[in-house]
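# Overview (structure and organization)
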Amino acid sequence: MFHFFNCAILTFGPHAVYYSATPLSEYDTLGTSVKTAVVYLVTALVKLVCLATFLKVSESDIFDPSQELLKALIGFIDVAGLYFALTQLTHRNISQNHKFQAVGLGWAFADSVLHRLAPLWVGARGLEFTWDYILQGLEANANLMLSLSLAALGSLMWLRKNKPKTLIPIIYACAGFVATMPSITSYLRWGLGWHLPEVVGFQLFTSLIMALVSWQLFSACQKPSA
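Presented here is an overview of the structure given in this document. Just so you know, these numbers come straight off a predicted model, no measurement behind them. (Residues numbered from 1 in each chain as written. Predicted model: local features only at pLDDT ≥ 70, side-chain atom pairs only at ≥ 80, totals over all residues. Heavy atoms only, no water.)

### Side note on the pattern of salt bridges
Condition: A carboxyl oxygen of Asp or Glu within 4 Å of a side-chain nitrogen of Lys or Arg is what we treat as a salt bridge. Relative accessibility thresholds used throughout: buried, under 20% of the residue-type maximum; exposed, over 50%; partly exposed, between the two (1.4 Å probe, protein chains only). Labels follow the DSSP assignment, with helices taken as runs of H or I lasting at least four residues and strands as runs of E lasting at least two, numbered in each case from the N terminus.
What the rule picks out here adds up to three salt bridges. A salt bridge links D111 to R116; the nearest nitrogen and oxygen atoms lie 3.0 Å apart. Judged by relative accessible area, which is 12%, D111 ranks as buried. Taking relative accessible area as the criterion, R116 reaches 8% and is therefore assigned buried. Taking the shortest distance from any N to any O, the salt bridge between E139 and R116 comes out at 4.0 Å. Here E139 is found in helix α6 (residues 132–158), whereas its partner R116 is found in helix α5 (residues 96–123), with 23 residues between them in sequence. Looking at E139, the relative accessible area reads 25%, which means it is partly exposed. Because the salt bridges share partners, they merge into one network encompassing D111, R116 and E139.

Put into structure tokens, the structure is as follows:
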């Protein structure tokens, strides 16, 4: 049980820390995050139906490029869900800066609850120690940074009109890369045979780089054009 609580704090704690340590708590953006979490659940349901309809059931873990390509295309439903959360949800009078953070935070938290809470509750309370759930918590941290990065890039694509034209291809390229991260990690795991610690390390490194790039792009687009 102690191991379960440690892994749960590692998995879900950074979301609470981010909310309380940033101006999001001062501007009371919790409602935006909750509504985004609901949008994520609906999006996940649509993705599940599409995956069950179009993907073949494989009896082995062999990497299938055609199936992974189809899975990547279905994964872009997440982009549509983020678009809806950023542009169609009614938000309080908050700035674009706080809006994308609230949306990204709610998106990442809903993803962690949906995909990691049940495995933690079932597996982390076992008598035998395993690193898998600690790695799962680190993966949730990487996903938090990637969700915030994708929300920031989506905010630049769909909400900011007067962005520098030279940055537009970079913004779209970065957004496409972040959106296809699940397929990239799947290829590393099943196509190249990477072990879970290596995959999680790659996710942490990549998420940190993309967070820095997204921050620089967002800051550059905030500056008044000459």
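Alright, that's what it looks like, and here's the rest.
### A look at a nonpolar patch on the surface
How we decide: Each patch is built from salt-bridge-free residues with over 30% relative accessible area, joining like charges within 9 Å and nonpolar side chains (Val, Leu, Ile, Met, Phe, Trp, Tyr) within 5 Å. All accessibility values rest on the Shrake-Rupley procedure with a 1.4 Å probe; residue burial counts only the protein chains present in the view.
There is a patch of nonpolar side chains on the surface, built from L30, V34, V38, V42 and V46 and spanning about 410 Å² of accessible area. Here V34 shows up in helix α2 (residues 30–54).

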